[in-house]
Amino acid sequence: PSSQFHQMALQFYSGLNLMSRKREFGVMDPLLSFMHSQLSYFKMGHDILTEEVAKFLTNLSVQIQKEKTEHTLDAKRFSGLREKIEQEYSSRYNPDPDPSDPFSEFQPPDLSISSKSGYLYMRSKSGSGLGSRGQWERLYFFTRDGFLMTKDIDKESTPVMLLDLSVSAHLADVDDRRYVFQVSSATTKESVVLQAENEHCKEEWIAAIRNIVTDRIQKAEAANPFRVQDISFAAAHRENYRMFAFITKSSKTGLLACHVFESDKPAAEVCEALSLALQVAFRSLQAKRAQLQQQQQMKKRRVDQQRQQQIRQYQMQQVSAGKLHEQPILMLCPT
């Protein structure tokens, strides 16, 4: 599909050049016919105008014939040049090599990268919606310190978007562009529509942004070493109404830890909220356990049914083979 697209683009370019050359004499040809008719019509001024107009028309006819000859030569030259380009440079200029071609230099995109830089086309703010048609500007983009940055010529680097926990990168469907993706933030409700140079570059940009967001999520989870399910006891201070503490038990190591906090709100309200959260977490854990147990039971039933079906099939094969003429078919149930 990519090679066909470039062949069509080359043919379109050749057709435009030929049309441009044809426009130079396309208007003059009917004008020449019109002047010949005028010359025949105005016979009364034949003595005055014949010599000058005939000379002008002769020169114009020669010039038009010359342009036609050059147009024919250009058409042949463009046709040969187009075939030469397709034969010699098709393998050199191919932004999307065919991965099934064993001689292509196709390399799969690196989806594990956490940083990326390169040129992208960015749609202007007036046309940020996928259905609108805005102007596209080619800029240099890169990622740094959790930001998507851009740098224009003779200008300082400016941040485009903070790649926080609410940012997502996904494909975008734009009618007049290929290799388009969108970076959106659920927090600020902002979005940026970008176009890469090829499919390989687009996949790596999307993977890099997603990996940066995933790394932020992992760091945020590491900053909170305990979960609500790990809290076993919580209480407020008897005298200082702003202090409270709770005890956690690690689900991985089994170690107990006491955490003491000072809040700007009454500690009793915080402890009550923790108690409600523990109840919700306990109900959710019980529901997950019940669902897991039900799934295990259903899986065991399916295995038992398959085993009984295999036993029936085996015994039926034995009966049909004459090895079990008068023996009853046994139904073995697993213990």
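The structure under discussion appears in the preceding block.
Residues numbered from 1 in each chain as written. Predicted model: local features only at pLDDT ≥ 70, side-chain atom pairs only at ≥ 80, totals over all residues. Heavy atoms only, no water.

A. The arrangement of the packing of aromatic side chains in detail. Enumeration over the complete set of coordinates arrives at four aromatic pairs. Ring geometry for Tyr140 against Phe142: centres 6.1 Å apart, planes inclined by 40°, an arrangement best described as tilted. In this structure Phe142 comes out as buried when scored by relative accessible area, which is 10%. Taken together, Tyr119, Tyr140 and Phe142 form an aromatic cluster joined through their ring pairs. Between Arg77 and the ring centre of Phe78, over which it is positioned, the NZ or CZ distance is 4.9 Å. (Phe/Tyr/Trp six-rings, centres within 6.5 Å; stacked < 30°, edge-to-face > 60°. Buried < 20%, exposed > 50% of the residue type's maximum accessible area, 1.4 Å probe, protein only. Lys NZ or Arg CZ within 6 Å of the ring centre and 35° of its normal.)

B. Main features of the side chain of Lys116. Position of Lys116 relative to the elements: it lies in the loop between helix H3 (46-88) and strand S1 (117-123). For Lys116, a relative accessible area of 17% corresponds to the buried category. Here the side chain of Lys116 touches Glu204 through a polar contact of 2.7 Å, side chain to side chain. (Helix = DSSP H or I, 4+ residues; strand = E, 2+ residues; numbered from the N terminus. Polar contact = N/O pair within 3.5 Å; in protein donor to acceptor, adjacent residues only side chain to side chain.)

C. Broad picture of the nonpolar core. Judged by nonpolar contacts, the single largest core of 21 residues is most densely connected at Phe141, Phe181, Val183 and Leu194. Contributing elements (two or more residues each) for this core: S1, strand S2 (136-144), strand S5 (167-171), strand S6 (180-185), strand S7 (191-195) and helix H4 (199-223). It is H4 that contributes the most residues to this core, six residues altogether. In contact with Phe141, other than residues within four places in its own chain, are Lys116, Ser117, Gly118, Leu120, Met122, Leu148, Met149, Thr150, Val160, Leu194 and Trp205. Judged by nonpolar contacts, the second largest core, of six residues, contains Ile231, Ala267, Cys271 and Leu274. (Core = buried A, V, L, I, M, F, W, Y, C linked by side-chain atoms within 4.5 Å. Contact = heavy atoms within 4.5 Å.)

D. Broad picture of the environment of His71. The residue His71 is located in helix H3 in this model. Counting along the chain gives 50 residues from His71 to Arg21, while the straight-line C-alpha distance between them is 6.3 Å. When neighbours within four sequence positions are excluded, His71 is seen to be in contact with Leu18, Arg21, Lys22 and Phe25.

E. Examining unusual backbone geometry more closely. Non-glycine residue Asp145 carries a positive phi angle of around 55°. Relative to the assigned elements, Asp145 resides in the loop between S2 and strand S3 (147-151). A positive phi angle is found at Tyr179, which is not glycine, with a value near 55°. In this fold, Tyr179 is placed in the loop between S5 and S6.

By themselves, these figures tell us nothing about what the structure is for.
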